[in-house]
Structure formats: C-alpha cells, structure tokens
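# Coordinate inspection notes
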Amino acid sequence: MRSSRRSFLTATGAAAALALTGSLPEIKSAAAGWTGRPDRRDPFTLGVASGDPLPDAVVIWTRLAPDPLAPFGGMDRRPVDVEWQVAEDEHFRRVVRHGSVKAGPEASHSVHVDVRGLRPWRHYWYRFRVNGQLSPVGRTKTAPTADTQLSKLSLAFASCQAIWEGWYTAYADLARRDHDVVFFLGDYIYEFGIDRGIRPDSKEVINTQQTVTLDEYRQRYAQYKLDPDLQHAHAVAPWIVTLDDHEVVDNWADEAHPSAPPAVFRVRRANAFRAYWEHMPLRFSQFPKGPDMQLYRRIKYGRLAEFSVMDTRQYRSDQAYGDGTKAPGPETKDPARTITGDAQEKWLLDGWTASQSRWNVMANQTAIARLDTKDGPDVLVPMDTWDGYEASRDRILGGAAQRKVRNLVAIAGDLHRSVASDLKLDFTDPGSQTVAAEFVGTSITSGIDGMDLDPGGQTLLNENPHIKFGNFQRGYVSCTITPQLWVSDYRVVDKVSVKNGTVSTRAKLLVEDGRPGISEVQA
C-alpha cells in the first residue's frame, strides 16, 4: 500500500504530524488537565508494563484508552493527570516513590515514568490512578549494581506474535514462571491485513487493513495489548524490547522498501516508530525523532551478564540479490554492506573490549548462524538474516574471537522456529573455531501450530552441522544463568489454534563457562 505525506497528514491530523517532527513536550510542562465531568469508563484497558531496569531505576508504563480501538483510545484530546505509585509490597503499605504526570494526546495518552531512586536487585510493585480509578498492579525488578557478583539470573525471550494465528498460551506459561527480566526481540505486531485466522474476530475490518498511518499503527498495538495473557506477561516482570521488521513493514531495510520511494517510506517509518514508542516501556532517550530512533543499548546485570540490545533494521544495507532465499555470492560478501551500520558495529565491539562480565549476550533480531535451506551440494540461504551480510557477520564474530570475548551468547527470533547453533568463524568448515552459542527462539503464535520437526527443519539439521537442535512448534525460551552454566529451556505449546494448549519443555541446552558453543543438548 502506497502512502504520501499529504495522505498521512489528512488521515491522522496534527497528532500524526508529531510523528514526523519528533517533537514531544515534557509531560510535566503539558497544559493543565480538563476539570469537567469525570470519565468513569475504565482507562486501563491496555494494562501496565515496566522495562529497561537499572540498579536504581525502571520505566513504568500505561496508556489511557477507555475505547482502545477508537482514535486516541476514545480519550478527549486534552491532557489528563495520572498519579503513580511504586511500593516495596504488593499491598502498597510501603510506598517509596510516587508522583503525578500529564498524559496528553500528542503521545496518545501514554505514560512513561522513569522512576529513580530505587534500590538495586529487588522487586517493586507499581500502579496508576486516574479520576479515582486504579490500574492493575504490576510487578517489576531493578538490576543489580555493576559490581555485584550475582549467583543466578532468570530470563525469558520471545518474538513474533501474530495475533490472528493463535492464542497467547506461551505468555500464560511465561507469566507463571519467575523470570527476573523478559526480552522481546521483534515482531510485536504485524502490519499487513489478513482476513483469515484462529481468533473469532479475525475477519473484522481492523484485521483486514494494512497499517500505514499513525492512527492505524496505534490501533494495531491496542488490538494486541488487549490480550489478557500478554498483559499478564508484561505485568509480572520488566521487559527489554527491540523491534524487527513487522513493527514497520515486512523486510524493510533502512530507508528501502518496495512499497514506496524513500521519501514516502520515511513518513511511514516515522508513524510506526512513534506508535511503537508510545506502547513500549521505553525511556525518553528512545523517543523517536521523526523516522529515527535510538534503540541499540547496553544493560548490565552485575558482573554476571551484559546484554547488548541490537537494532539490525535501521542501519542495514538493502537485502542482497533482491531479497528472498538465494545462493551466497559477491553481494553477500561485499565488505561495504552491513546489517548493523558502522556506528553500531563499533559500539558492539568496543563494548566487548571493555566488558568484565562473565556472560556477554547479543539480544538480536534474527539468526547469525548460516542457514543452508537446500538439500544436497548447492547452498541457498535467506538474504534477510545475517547470511545476506556475510562480511558484517565475519567482522562481528572475528572481532569477538580477536578480543577473546568471554562466554558469548546470541539470542534471537524471526524464524518462527527454534534453532540452536554453534557460531563459527567459518561455517563452511565444521572444524572451524567456535566463537559463541546462538539460541533462536520460535514464535509465540506466528505460523500457527507447527510440528516437532518439519521438512525444512530436517534440511537445516542435515545441511548445517553447526546446528545442534531444531523444532517447529510455537513457544518461547526460558534461560537460567549462573557463573558456571547457561541453560536454555525451550518451552513449546502443543497447539495455539485452541485456547489453553499444553506447554512443555522440548529441550534443555547447556553452555559451560569458558567453553564456547553448546556443550550439551538434553532433548
């Protein structure tokens, strides 16, 4: 679907224009709220969330939306006073931080409070209040101090949650397990329209239209965030998020996409970024400036683990050979092409040089490992993964080996299948040095039910000796990290096409301290 600046401004009005300019007044200085007749509708239909924990801080989030699928969530176009509290107990007998902010229409009445002055490595509970109405209570947890010798960290990571393709049973399971933090690695929404699906509302207009304008992206996020299992998963632990392609449009690369020329595509990207920030527990340092958003960042958990949260969309070269699955060649090997951009690549390598952490983790959108998808001697690889950017991959993995990065682990999504691999300096040589372990998690729902091992997954195992495990069901990955061991627990759902499917552990994969790569598969 093509768009233009004229249609963008006409369709979404002045609020959408803010997406392109990137301006957003500080919430404390917004105009005084309306003091007319109170609105008694529930303003907290989209739940609460927290994110990006630091030793003394965490972001808490909500969005006021009494009619969540309507423009501006059904809110009057005036700022509203929102009170917030953070407590050391779930009953709020020991409130340690509180305040009031303005939620205005320029950010679709979303609230992002960067709560400071908290104590490290402890749970807190938070809530909001508007016109006497209380939000659901959320639980969060701060990070430990940089010098803490942490004995254990529990995390989950997930991706790819096409809402029409199933129920969020995996999130219900994730919420029942006690994770210190959750990483979401991309495809929180899907932008394209569809008129089929598992859920009963799949044929409604909201599902059949493609998102292009700011209002349309906002509505799509609201649709997803209405799901109770997703809300519960957000409410039990802080999330650290990054985006992939479908938060904007399928397989976009920097300013390139076949749907529109770059100048027009930048408008759509600005709309998408604005809506993304409005619906995620992100700081104002991540607030987009038009079609640009600073997403790559580093978060530390004491001396145990350091996470480099990646952005492999905004700065990448266009896909080689017109995208798709192709044979590698001069374009994929071209050193001028990049998946990270020069600045992010330097940031990543410099961070590894300075790291004193036991485990160094890339929280990345898509697979780094080579994925030969063709049986036999010929090689066909996806151009949208790191396979399409071989020189970029060589610089990252070669740089890690040169720096002797300790216990490098990559986590990723995107593939709609589980793939666990050893990351090699040379994937054409099974005896080549192993630099890291990579755990690609499957989708929450995208791809519907799947199966234990489909023909494509069997081919991946046959043709890629560095791949140690594969599965084609839906689910997520739960990880336990200690100074001695990393354990990835692949949680899978037997069916997402029905409510309340059965969740089980399909495999546990182990990485030992000081031994690069996957040391054991317990399947």
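One structure accompanies this document, and this report is about it.

Procedures and definitions
- Residues numbered from 1 in each chain as written.
- Predicted model: local features only at pLDDT ≥ 70, side-chain atom pairs only at ≥ 80, totals over all residues.
- Heavy atoms only, no water.
- Buried < 20%, exposed > 50% of the residue type's maximum accessible area, 1.4 Å probe, protein only.
- Helix = DSSP H or I, 4+ residues; strand = E, 2+ residues; numbered from the N terminus.
- Pairing = 2+ DSSP bridges.
- Salt bridge = Lys/Arg side-chain N within 4 Å of Asp/Glu carboxyl O.
- Contact = heavy atoms within 4.5 Å.
- Axes fitted to C-alpha atoms, helices over the stretch in contact; angles between N-to-C directions.
- Parallel < 35°, antiparallel > 145°, perpendicular 65-115°, else oblique.
- Left-handed = near helix turned anticlockwise from the far one by under 90°.
- Nonpolar A, V, L, I, M, F, W, Y, C, P; charged D, E, K, R; others polar.

### Examining the pairing of strand S12 (residues 297–301)
Of the two faces of S12, the one lined by Arg297, Ile299 and Tyr301 is fully buried and the one lined by Arg298 and Lys300 carries no buried residue. Where S12 and strand S13 (residues 305–309) come together, 5 bridges link them in antiparallel fashion. By the bridge assignment for S13, arginine 297 is matched with valine 309.

### Concerning the pattern of salt bridges
A complete count under the given rule lists 37 salt bridges for this structure. As a salt-bridge pair, arginine 298 and glutamate 306 come within 3.5 Å of each other at their nearest N and O atoms. Classification of arginine 298 as partly exposed rests on a relative accessible area of 26%. With a relative accessible area of 3%, glutamate 306 lands in the buried category.

### Focus on unusual backbone geometry
Although it is not a glycine, phenylalanine 72 sits at a positive phi angle of roughly 60°. As for its placement among the helices and strands, phenylalanine 72 is situated in the loop between strand S2 (57–63) and strand S3 (80–87). By relative accessible area, phenylalanine 72 is classed as buried at 4%. Even without glycine at this site, asparagine 407 takes up a positive phi of about 50°. By the element assignment, asparagine 407 lies in the loop between helix H9 (390–403) and strand S17 (408–412).

### Focus: the environment of glutamine 209
Here glutamine 209 lies in the loop between helix H3 (205–208) and helix H4 (214–225). Linking glutamine 209 and phenylalanine 192, residues 17 residues apart in sequence, is a C-alpha distance of 6.8 Å. Those residues within four positions of glutamine 209 in sequence are excluded, and the remaining contacts are Glu191, Phe192, Gly193, Glu216, Gln219 and Arg220.

### Notes on the environment of arginine 41
With respect to the secondary-structure elements, arginine 41 resides in the loop between helix H1 (5–21) and strand S1 (48–54). Measuring from C-alpha to C-alpha, the distance between arginine 41 and glycine 74 comes to 9.9 Å, with 33 residues separating the pair along the chain. Other than its neighbours up to four places away in sequence, arginine 41 contacts Pro66, Asp67, Gly74 and Gln133.

### Some words on the pairing of strand S21 (residues 467–481)
The element S21 is largely enclosed, with a buried count of 13 among its 15 residues. One ladder, built from 5 bridges, connects strand S9 (residues 153–158) with S21; its direction is antiparallel. Paired with leucine 155 across the bridge in S21 is cysteine 479. The sheet contact formed by strand S18 (residues 418–424) and S21 spans 4 bridges and is antiparallel. From the neighbouring strand, valine 419 faces S21, where its bridge partner is glycine 470. As judged from the 2 bridges shared by strand S20 (residues 450–451) and S21, these two strands associate in the antiparallel manner. From the neighbouring strand, methionine 451 faces S21, where its bridge partner is phenylalanine 472.

### Structural notes on the packing of helix H8 (residues 342–354) against H9
Where H8 contacts H9, the axes come no closer than 10 Å and their chain directions differ by 15°. By the criterion of interaxial angle, the relationship of H8 to H9 is roughly parallel. Both H8 and H9 take part in a crossing whose hand is right-handed. Each of Glu345, Leu348, Leu349, Trp352 and Thr353 in H8 lies in contact with H9, whose residues at this interface are Ser392, Arg395, Ile396, Gly399, Ala400 and Arg403. Split into classes, the residues belonging to the contact of H8 with H9 amount to 5 nonpolar, 3 polar and 3 charged.

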